[in-house]
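Letter by letter, the chains look like this.
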Amino acid sequence: MQTTATASRADQNRALGLSTIAFTACFAVWTIFSIIGVAIKGELGLTESQFGLLVATPILTGSVTRLFLGVWTEKYGGRLVFSAQMLLTALATWLLTLADSYAMYLVAALGIGLAGGSFIIGVAYVSRWYDAGHQGTALGIFGAGNVGAAVTKFVAPFVMVAYGWHGVAYAWAAGLAIIGILFFLFAKDDPELVERRAKGTRAPSFAEQFAPLRNLQVWRFSLYYFFVFGGFVALALWMPHYLIDVYGVDVKTAGMAAASFSLSASLFRAYGGHLSDKFGARTVMYWTFGFSLIFLFMLSYPPTDYVVQGKDGPIAFSTELDFWPFIIMLFGLGFFMSLGKAAVYKHIPVYYPGHVGAVGGLVGMIGGLGGFVLPIIFGAALDLTGIYTSCFAILVGLVAIMLTWMHLSIRAMERAALGKELDTLPTVPELQEVHVPGKTEMPRVLQDWQPEDETFWEEKGRKVARRNLWISIPALLLAFSVWMVWSMVVARLPAIGFEFSTGQLFWLAALPGLSGATLRIFYSFMVPIFGGRLWTTLSTASLLLPAMGIGYAVQNPDTPYLIFLTLALLCGFGGGNFASSMANIAFFFPKAEKGNALALNAGLGNLGVSVMQFLVPIVITAGVFGAMGGAPQTLTDGGELWMQNAGFVWVPFILLATVAAWLGMNDIADAKASFREQAIIFSRKHNWLMCVLYTGTFGSFIGYSAGFPLLTKLAFPEVNALQYVFLGPLVGALSRAGTGWISDRFGGGRVTFWTFAGMIVAVFGVIASLGADSFVGFFAAFMALFFLTGVGNASTFQMIPAIMGREVPRLMPELEGNTLRRQSERESAAIIAFTSAIAAYGAFFIPKAYGTSIAMTGSPVGALWAFLIFYVVCLVITWAYYTRRGGLLHDLERHGQPAMPAPAPAQ
């Protein structure tokens, strides 16, 4: 990046003008299927799925190739790469006319997708001609070439009417080829490339250019672009269909209205670059996300009828967004999305001046993939909910996440730079006059926590740690109960009058597993940011939402399906709590007792699955809450159920656990860390290896818990499975709680190795029992599996602190004493939480594997063989990296050597 202008104004204008024209032409070719695709579909008689794949292929390949084209531009220069890219794309467009089969059309579409990669070539090329104070404006003008999509929509229909779709392809190919040749003849090499050649400096290697991709900040920028660009492409593709279906307009009106959105989301990009230069890209991003959130919320609100019971009778009114207000809001949304596109690419040359191609390529690729993925998600959401505005609701959630992430990142940066000054401020401005600096520390914070110090541990530490553990356990038990209670509710919905399809019921059963696993990823990092006491209190209290929501929703058969989808997602709060709970407890105990403490917390917490499966069938048979609980539901056979009790029964216990967490738990000052400090685990090899191993243990436990009842019912229909289903999770939870000491004594690596060996034998026993039609053998083998998953859950978590105790001193030799201990404990806690997040996806994939296997082969045995092979892989990983002679844990577990140097005495 230049700090001052080193090129003449004429050369700058030449580079910018030629690049903008070239990008406009490329974007027009990239979206050519939006016009000619309809004719091709009719000509080939394509199905909707085949047509969708044909139209999406250029978007997909155009996005993926951005990463490589950006790197090549950094290495070989924009003049050469841009020209070659345009000529190759023109060739692919011309070859499209020679295709005579669907497969050949797809191959040609792959080549046409190169047109989408032109964006990152232009960004890398143009940014080198301008200094930092003018890059935003220049890149904004260049980015306005998105208007090429509107050019195709306006001009191509007239060409197609006159000459057919082949005429469009010929004209676009010829035009792009001519522009490619002119670009090569009239464009100049950028100043940085000329200087590098003059000095004989070698071009940066691929490894050097890709180095910044390890930074979390790059991926945050990518998520921003996923919305501002990917969302723009997705809505541009989705809007004609939306407008025709919702407002009943004809295709010409829908096309013109959609084109107005494309224009606003393209032309104002240049203005966004100017604003980014003047006010800063961060400020523009705040404007983008803030106003987008407002527009999207208004667009997402579906037509709704309200009836309010007034004193003189019902008062009825309705809300609905008419066509022209909708278009105006859509135009406004496009305006702010165009500002955001410019602001994102203003950041990149400022933060990564030597890696614009690689970083910009990744950001552009993720953004382009948004244009491919989001329409698919929009369609799935419409199928699931039946609500057209669900596409905007999805974008509301996406923007809310991005705005929160951006703001927290900025606040973390400010605190890192001005932490001491911020600590002198009062909690609220009104206390400024009476505030005494130095008195703002949070209560119940343990400033000096030394669990490895035997004297400290015996005199003070053990008592405090155990108190926090025994408060954490019931809170985690309730979290698992609420997470898994949804499976019991969904199974009973048809019997109490809810007429949902099988597909809808499947999604309701699957969503808690998906949301719980996904939330664990975020919950993994919350304890060091907010503190264990505060986060345990908030996360436990959050369980009230699904618990009370279930209680009210099931009482009315007219409750919309969307409400049940929302409740299914909210039940995932219970699944997310596990990650933060384990991370929190890991900070309190010394290594010698950490395995057992984590086993007790997780094992007795996992017991919530069995508690729920045992308790819910009892409480739903009686009105235990009296009139407060509501009336029973009448079953199809004439019986009665109080299904609301499945949710209400947890409410008093959640309230007690929330109060106990706030009053009885502690925060540890040394455990505080920002997300940036914790994100170092993503570069640790053993983080990813332990994700695999813990998926083999906990992923199996939670997946088998979810799928065991259904599998038993399908394989042995004559057996009343409901009498036995709670035993599997019970055995797994108790074995985890009761066997943690084994790993502390003999070593987690060795226990994990033999656990996977046992699981391989147990799965083989299940397969053999199914073949012999033996329920006794089937049940016994599954009980062995559940027992072994519990043992493995404890042993894998015991391994993590030992592994990082060895790895952190090697990777960060500059750290010593307590600083080394804190870093090791911080990384261990983060890895424990993150691995639990990844493994939780087993709650979705194992039942889904059963279903897929049955659909393809008529039997679940195929899925079981896949599980067995996965356990073999886990066994090999455990041996190769940890337990073989020379493995990381071999000497430690065989000879009892300390995992890391003893901490220096407290000063």
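The preceding data block contains the structure.
This is a predicted model, so every value here is computed, not measured. (Residues numbered from 1 in each chain as written. Predicted model: local features only at pLDDT ≥ 70, side-chain atom pairs only at ≥ 80, totals over all residues. Heavy atoms only, no water.)

## Re the overall build of the protein chain
- Along its length, the protein chain carries 35 helices and six strands.
- Among the 907 residues that make up the protein chain, the fraction classed as buried is 55%.
- The contacts of the protein chain with a sequence gap of at least 6 include a subset with a gap of at least 24, amounting to 83%.
- For the protein chain, the computed accessible surface area is about 37700 Å², with 68% contributed by carbon and sulfur atoms. (Helix = DSSP H or I, 4+ residues; strand = E, 2+ residues; numbered from the N terminus. Buried < 20%, exposed > 50% of the residue type's maximum accessible area, 1.4 Å probe, protein only. Contact = heavy atoms within 4.5 Å. Areas by Shrake-Rupley, 256 points an atom, 1.4 Å probe, with all protein chains shown as cover.)

## A closer look at a nonpolar patch on the surface
- A contiguous nonpolar surface patch, about 1100 Å² in accessible area, is contributed by V64, F68, W72, Y76, L80, L87, I178, I181, L182, F184, L185 and F186.
- Put simply, the parts of the chain that give the nonpolar patch at least two residues each are α3 (48–76), α4 (78–95) and α8 (148–186).
- By residue number, the principal contributor to the nonpolar patch is α8, which donates six residues.
- With respect to the secondary-structure elements, F186 resides in helix α8. (Patch = residues over 30% accessible without salt bridge, like charges linked within 9 Å, V, L, I, M, F, W, Y side chains within 5 Å. Salt bridge = Lys/Arg side-chain N within 4 Å of Asp/Glu carboxyl O.)

## A short note on unusual backbone geometry
- Here the phi dihedral of D773 falls at roughly 55°; this positive angle occurs in a residue that is not glycine.
- Relative to the helices and strands, D773 is located in the loop between α30 (748–772) and α31 (775–811).

## Here's the deal with the packing of aromatic side chains
- Using the criterion set out here, one finds 55 aromatic pairs in the structure.
- Consider the rings of W30 and F229, whose centres lie 6.5 Å apart with planes at 5°: the pair is stacked. Of this pair, W30 sits in helix α1 (residues 9–30) while F229 is found in helix α11 (residues 216–247), placing the two residues 199 residues apart along the sequence.
- By relative accessible area, W30 is classed as buried at 2%.
- On the basis of an interplanar angle of 50° and a centroid distance of 6.1 Å, the ring pair of F221 and Y224 is categorised as tilted. Linking F221 with Y224, this pair stays in helix α11, spanning three residues, or about one helical turn.
- Judged by relative accessible area, which is 2%, F221 ranks as buried.
- Positioned above the aromatic ring of F184, the side-chain terminus of R79 is 4.2 Å from the ring centre.
- Lying over the aromatic face of W662, R533 brings its terminal NZ or CZ to 3.6 Å of the ring centre. (Phe/Tyr/Trp six-rings, centres within 6.5 Å; stacked < 30°, edge-to-face > 60°. Lys NZ or Arg CZ within 6 Å of the ring centre and 35° of its normal.)

## Focus on α31
- For α31, built from 37 residues, the straight-helix expectation of 54 Å at 1.5 Å per residue is met to within 8% by its first-to-last C-alpha distance of 52 Å.
- With 27 of 37 residues buried, α31 lies mostly within the body of the structure. (Expected span 1.5 Å × (residues − 1).)

## Let's talk about the side chain of T73
- As for its position among the elements, T73 is in helix α3.
- Exposure remark for T73: the relative accessible area of 2% places this residue in the buried category.
- Among the polar contacts made by the side chain of T73, one reaches the main-chain carbonyl oxygen of L69 at a distance of 2.7 Å.
- Among all residues touching T73, those that are not within four sequence positions of it are G78, V81, I121, A124, Y125 and R128. (Polar contact = N/O pair within 3.5 Å; in protein donor to acceptor, adjacent residues only side chain to side chain.)

## A closer look at the pattern of salt bridges
- Under the counting rule described, the total for this entry stands at eight salt bridges.
- Taking the shortest distance from any N to any O, the salt bridge between D11 and K188 comes out at 3.0 Å. Of this pair, D11 sits in helix α1 while K188 sits in the loop between α8 and α9 (191–199), and the two are 177 residues apart along the sequence.
- Taking the relative accessible area as the measure of exposure, K188 reaches 37% and is therefore partly exposed.
- Where R684 meets E827, a salt bridge forms, and the shortest distance between an N and an O atom there is 2.9 Å. Of the two residues, R684 sits in the loop between α27 (675–678) and α28 (685–715) while E827 sits in helix α32 (residues 817–839), which places them 143 residues apart along the sequence.
- We classify R684 as buried; its relative accessible area is 9%.

## Quick notes on the nonpolar core
- In terms of nonpolar packing, the biggest core is built from 144 residues, with W486, L493, L508, Y704 and F782 touching the most fellow members.
- The greatest single-element share of this core, amounting to 19 residues, is contributed by helix α18 (residues 454–492).
- Apart from the residues lying within four places of it in its own chain, the contact partners of L508 are W486, V490, L493, F500, Y561, F564, L565 and A568. (Core = buried A, V, L, I, M, F, W, Y, C linked by side-chain atoms within 4.5 Å.)

## Some remarks on the environment of S118
- Among the structural elements, S118 can be located in helix α6 (residues 118–127).
- Here the alpha-carbon distance between S118 and W30, two residues 88 residues apart in the chain, equals 9.7 Å.
- With residues up to four places along the chain from it excluded, the contact list for S118 reads F23, C26, F82, Q85 and F142.
- Among the polar contacts listed, one links the side chain of S118 to the backbone oxygen of A115, at a separation of 2.7 Å.

## Section: a negative patch on the surface
- Where like charges cluster on the molecular surface, the negative patch consists of D448, D453, E454 and E459.
- Mapped onto the elements of the fold, E454 is located in helix α18.
- Take E454: its relative accessible area is 68%, and that puts it in the exposed class. (Lys, Arg positive; Asp, Glu negative; His and termini not counted. Charge placed at Lys NZ, Arg CZ, Asp CG, Glu CD.)

## Observations concerning the environment of A780
- Structurally, A780 is set in helix α31.
- Spatially, the C-alpha atom of A780 lies 8.9 Å from that of A762, the residues being 18 residues apart in sequence.

## As for helix α13 (residues 269–279)
- Within α13 the residues assigned to the buried category are R269, A270, G272, G273, L275 and S276.
- Taken from the residues just after α13, G280 is the one with a positive phi, measuring 100°.

## Quick word on the packing of α13 against helix α15 (residues 323–351)
- For the pair α13 and α15, interaxial distance at closest approach is 7 Å and the crossing angle is 50°. As summarised for this structure, α13 and α15 are arranged oblique, according to the angle between their axes. α15 is crossed by α13, and the crossing has right-handed handedness. Here R269, Y271, G272, G273, L275, S276 and D277 of α13 lie close against α15, whose contacting residues are F335, S338, L339, K341, A342, A343, Y345 and K346. (Axes fitted to C-alpha atoms, helices over the stretch in contact; angles between N-to-C directions. Parallel < 35°, antiparallel > 145°, perpendicular 65-115°, else oblique. Left-handed = near helix turned anticlockwise from the far one by under 90°.)

## Side note on the pairing of strand β1 (residues 304–310)
- Here β1 pairs with strand β2 (residues 313–319) via seven bridges, running antiparallel. Within β2, the residue paired with Y306 across the bridge is F317.
- Joining the antiparallel neighbours β1 and β2 is a turn of two residues. (Pairing = 2+ DSSP bridges.)

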